[in-house]
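Okay, here's what each chain looks like letter by letter:
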Amino acid sequence: MTENKKNPLASLFDAAKAWLTRGKTPYIFILCYLVVAAVWVYLSPRAVPAFLMLLSSAFFLYFMPTKNIFKLVVGLILALVIMPVIGVRNIFYLEVIFQISVFSALALGLNIVVGFAGLLNLGYVAFYAVGAYLWAFFGSQQLYLLNEIPGTAPPNTPFFLPASSFYLFLFLGMGVAALVGFLLGLPVLRVRGDYLAIVTLGFGEVIRVLANNLDKPLNLTNGPQGITPIQRPPLPAGLLVALRNIMTPLVGRSVTDNEFYNLFFYILALMVIVVVIVVVNRLDDSKIGRAWMAVREDELAAAAMGVPVVKTKLLAFAIGASFAGVMGVLFAASRTFVSPESFNFMQSIGVLSMVILGGLGSIPGVIVGAAVVVVLNLQVLQGLSLWLSALRQSDAVIPIINFAWKNLSNQLDPAKYQRLLFGVILILMMIYRQTGLIPAERRKRAAEITEIENDIENNNGNGHPAETSPAGEV
Amino acid sequence: MTLLDVKGLTKRFGGLTAVDRIDFDIDEGCMYSIIGPNGSGKTTFFNSLTGIYKPEEGEVHFNGHSLIGLRPDQVTSLNVARTFQNIRLFGSMTVLENIIVGMHHHLAQNTFTALLRTKTFKDEEEASRRRAVELMSFVGLRGVGDELAQNLPYGGQRRVEIARALASKPKLLLLDEPTAGMNPQETVDAIALFRRIRDELGITIILIEHDMKVVMQISERISVMDYGKKIAEGLPAEIRADSRVIEAYLGRGAAAEMNH
């Protein structure tokens, strides 16, 4: 493709991009963008475009060429100062960013399994359920209600464990989910491709149905009613007072304990995300990550190159599961309630569509995917629904075809089309952009490679790998 | 000294006996070729050696170890490496990464050292990258370390596959039709490369090949397979003159005509 064949819009875009990435402009641009967005959201907490602008500032921050320290500082300010203040001003936004962080963590975990190791897991949410029910069981009164009929807890039943054991259970949830992943993987990972998808799909349903039915003979899960209340970890009182003193003037009213809990779980989820990213990044650039990818690309060739295929897949399965487990514990505590309905097949598909939308194997892509799907679900679709229902209650008519809005069927409520939307997203992505919004990229090592190549050339004549000779070592 | 000792190896698929009681006795440092018409069981023989197929009968001893019942990765860790008839690279990994995957069982790192980024881990990674580049230069690749393997031209991909196999430090290298699809110049280069692998690295090579010119030029010993059986074995000159071989390749009538 030559330059002059480009359409004017594309060249305009290129020019804008060139201008934006030059010298100090990205710094100024990001700061202005962020300040404008933050002020806009602060002043009109209900404006959805303002909030979207604020969310997108994270995207610009990541992709524009600035120093890493700048990215880090601005990112921390955005995540730990701006978002909480705005979230507390409009508690709905806090729910949005909490869900984005929870689903990002889940999607990053699933990305290890699907994106890196290429194992299509349609029952990922089962591991999430394992973590959630683990804390739900031990962090509630359930252990004293084993012989009670669901819903008939005697008054003053004590809690089994102190609330602070939540922190221990974050790690236990991780371990138990990894163990379940490992045990499931043992028989399952010997099957390939489509079969694996079917088996994991079945497993996901098995866990949900177990949760639904294990209220008898022993009442382990309280059946379809779910377990509640589940304890939240105690927040240190001193910290609460200090935070309240800081937050109250910013927010403009006194902040409740409940809101602090929401903030706390949001930040905890962010911490899990950071851990996941570090783990994934480091494993990706090691023997483990290369083995995952080799198995994904060509299982037979990987085995022939000395990669133990089953062991490699098991590791991916278990690590992916462990992240779902820890998020499950966090979810149970943040909601103080779990029920089988939270872990249905659609949840698995939802997380999977985040991974595919964002880009299989791509960390920033998966986070963007999670953000887009959550925002679509919670804001765009619901916003459209509200707008439609407002129209329905008015006397407005659609011009030309003369159709009265109030005659519009309830069935056309956009919020009901979440599943349709997932389907459309997956179809469109598979047709037009299989690699996702932000495709995964391999690490480049051009400088190092060239250096070694020159080195070899300078040692002229010694071009063959000296230590390759196996005769030398045996 | 015998490096690979195969006795009575048999592999059946349902009623079809793809490899039928085959014996091989391959010396260390040999350049050995297996030829035969399409479907004569050559690739099945390779797959049975390397653990991809489980043979029904027979024994395989390599360098003092039995290879029967081992998984492919276990066979590789005993220093047997192979390439595939249709190139099987890890397409969306870089050339460098492809080659480093070949070193998998030589790397001492594990999940924990990788997570903690210990010094030994970093040193090992650096050394493996260095060795990968050395192997690239050995097979004649330069400046493509960062390319995705799938973006390389055909000849380049063949070289990467050989470098990847060499990365596992094999004593025995199994090459399955390595010059298939190459133009004459590429074939000449490939032959030179195989010789260097044998002479400079001391690696024993077994080659499945269709191109008679290549086979006759390079091999020290040749076996001929037909319908899963080994029908002849000997020096290139002997094989060229063997009537059974001509028959297998050209059919009985043509063979008879040639004798006239």
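Residues numbered from 1 in each chain as written. Chains lettered and ligands numbered in written order. Predicted model: local features only at pLDDT ≥ 70, side-chain atom pairs only at ≥ 80, totals over all residues.

**Student:** Residue-level account of the overall build of chain B, with values.
**Tutor:** Per the secondary structure count, chain B includes eleven helices and ten strands. Over its C-alpha trace chain B gives a radius of gyration of 20 Å, about what one expects of a compact globule, namely 18 Å for 260 residues. Viewed in the frame of its principal axes, chain B has a C-alpha envelope of about 70 × 40 × 35 Å. Sorting the 260 residues of chain B into buried and exposed places 45% on the buried side. (Helix = DSSP H or I, 4+ residues; strand = E, 2+ residues; numbered from the N terminus. Rg over C-alpha atoms; globule rule 2.2 N^0.38 Å. Buried ≥ 20, exposed ≤ 12 C-beta atoms within 10 Å, placed from the backbone.)

**Student:** Tell me what's going on with the overall build of chain A, and back it up with residues and numbers.
**Tutor:** Along chain A, the regular secondary structure elements total 17 helices and two strands. Principal axes of the C-alpha set define a box for chain A whose edges measure 85 × 60 × 55 Å. The buried share of chain A, reckoned over its 474 residues, is 39%.

**Student:** Give a description of the domain arrangement of chain A that names residues and reports values.
**Tutor:** Interface size, as often reported, equals the accessible area lost upon joining of the parts. Residue and element names in this part refer to chain A. Domain boundaries in chain A define domain 1 (16-72) and domain 2 (90-243 + 258-432). Inter-centroid distance (C-alpha atoms) of domain 1 to domain 2 is 29 Å. Contact residues are listed per partner, giving eight residues for domain 1 and eight residues for domain 2. Taken together, the residues of the side of domain 1 that touches domain 2 sort by class into seven nonpolar, no polar and one charged. (Domains from an automatic or database assignment. Contact = placed C-beta atoms within 7 Å. Nonpolar A, V, L, I, M, F, W, Y, C, P; charged D, E, K, R; others polar.)

**Student:** Go over the interface of chain A and chain B with me, naming the residues and quoting the values.
**Tutor:** Counting from both sides, the interface comprises 37 residues of chain A and, opposite them, 50 residues of chain B. Counting residues per element, the ones that place at least two in the side of chain A that touches chain B are helix H10 (257-284), helix H11 (287-297), helix H12 (299-304) and helix H17 (446-458) of chain A. The greatest single-element share of the side of chain A that touches chain B, amounting to seven residues, is contributed by H11 of chain A. Taken together, the residues that form the side of chain A that touches chain B break down as 21 nonpolar, six polar and ten charged.

**Student:** Give a detailed account of the environment of Leu175 of chain B, specifying residues and quantitative values.
**Tutor:** Residue and element names in this part refer to chain B. By the element assignment, Leu175 lies in strand E7 (residues 172-176). Residue Leu175 is classed as buried on the basis of its C-beta count, with 25 C-beta atoms lying within 10 Å. Considered as a pair, Leu175 and Ile208 are 33 residues apart in the sequence and their alpha carbons are 6.2 Å apart. Dropping the residues within four chain positions of it, Leu175 is found in contact with Thr83, Ile205, Leu207 and Ile208.

**Student:** Account for the packing of helix H5 (residues 119-138) of chain B against helix H6 (residues 154-167) of chain B, naming residues and giving values.
**Tutor:** Residues and elements named next belong to chain B. In the contact formed by H5 and H6, the axes pass within 9 Å of each other and the chain directions differ by 135 degrees. With respect to H6, the axis of H5 lies oblique. Once H5 is placed against H6, the crossing between them reads as right-handed. Residues Ala132, Leu135 and Met136 of H5 pack against Ala163, Leu166 and Ala167 of H6. Grouping the constituent residues of the contact of H5 with H6 by class yields six nonpolar, no polar and no charged. (Axes fitted to C-alpha atoms, helices over the stretch in contact; angles between N-to-C directions. Parallel < 35°, antiparallel > 145°, perpendicular 65-115°, else oblique. Left-handed = near helix turned anticlockwise from the far one by under 90°.)

**Student:** I'd love a proper account of the domain arrangement of chain B, names of residues and values included.
**Tutor:** All names here are of chain B. Split by domain assignment, chain B resolves into domain 1 (1-79 + 171-260) and domain 2 (88-169). The interface of domain 1 with domain 2 comprises nine residues on the first partner and eight residues on the second. For the side of domain 1 that touches domain 2, the secondary structure elements donating two or more residues are helix H2 (72-77) and helix H7 (184-201).

**Student:** Pulling in residues and values, what's your account of the pairing of strand E9 (residues 221-226) of chain B?
**Tutor:** Residue and element names in this part refer to chain B. Sheet analysis places strand E3 (residues 31-35) next to E9, joined by four bridges and oriented parallel. Paired with Tyr32 across the strands is Arg221, a residue of E9. Bridging between E9 and strand E10 (residues 229-234) involves five bridges; their strand directions are antiparallel. Bridge pairing links Asp226 to Lys229 in E10. The turn linking E9 back onto E10 is made up of two residues, and Tyr227 within it adopts a positive phi angle of 45 degrees. (Pairing = 2+ DSSP bridges.)

**Student:** Give me helix H16 (residues 418-432) of chain A: which residues, what numbers.
**Tutor:** Between its first and last C-alpha, H16 of chain A extends 21 Å over 15 residues, near the 21 Å set by a 1.5 Å rise per residue. Along H16 of chain A, only one of the 15 residues are buried, which leaves the element largely exposed. (Expected span 1.5 Å × (residues − 1).)

**Student:** Describe the environment of Pro340 of chain A, naming the residues involved and giving the relevant values.
**Tutor:** With respect to the element layout, Pro340 of chain A can be found in the loop between helix H13 (309-335) and helix H14 (345-358). Leaving out residues up to four positions away in the same chain, Pro340 of chain A has contacts with Arg208, Ala211, Asn212 and Pro224 of chain A.

**Student:** An account of the sheet that holds strand E1 (residues 2-13) of chain B is needed here, citing residue identities and associated values.
**Tutor:** Residues and elements named next belong to chain B. Overall, antiparallel pairing links the four strands, which are arranged E2-E1-E4-E5 in an open sheet. Only two strands of the sheet have a single partner each, and these edge strands are strand E2 (16-27) and strand E5 (65-66). In terms of strand pairing, E1 meets strand E4 (residues 57-62) through five bridges, oriented antiparallel. Looking at E4, one finds that Lys7 is bridged to Glu59. The strands touched by helix H1 (residues 42-49) are E1, E2 and E4; relative to E2, the strand with the most contacts, the crossing angle is about 70 degrees.

**Student:** Lay out unusual backbone geometry with the relevant residues and their values.
**Tutor:** Residues and elements named next belong to chain A. Note that the residue after Lys216, namely Pro217, is joined by a cis bond; omega there is 0 degrees. Tracing the chain through its elements places Pro217 in the loop between helix H8 (193-213) and helix H9 (237-251). The linkage connecting Thr228 with the following residue, Pro229, adopts the cis geometry, with an omega of -5 degrees. Take Pro229: it is sitting in the loop between H8 and H9.

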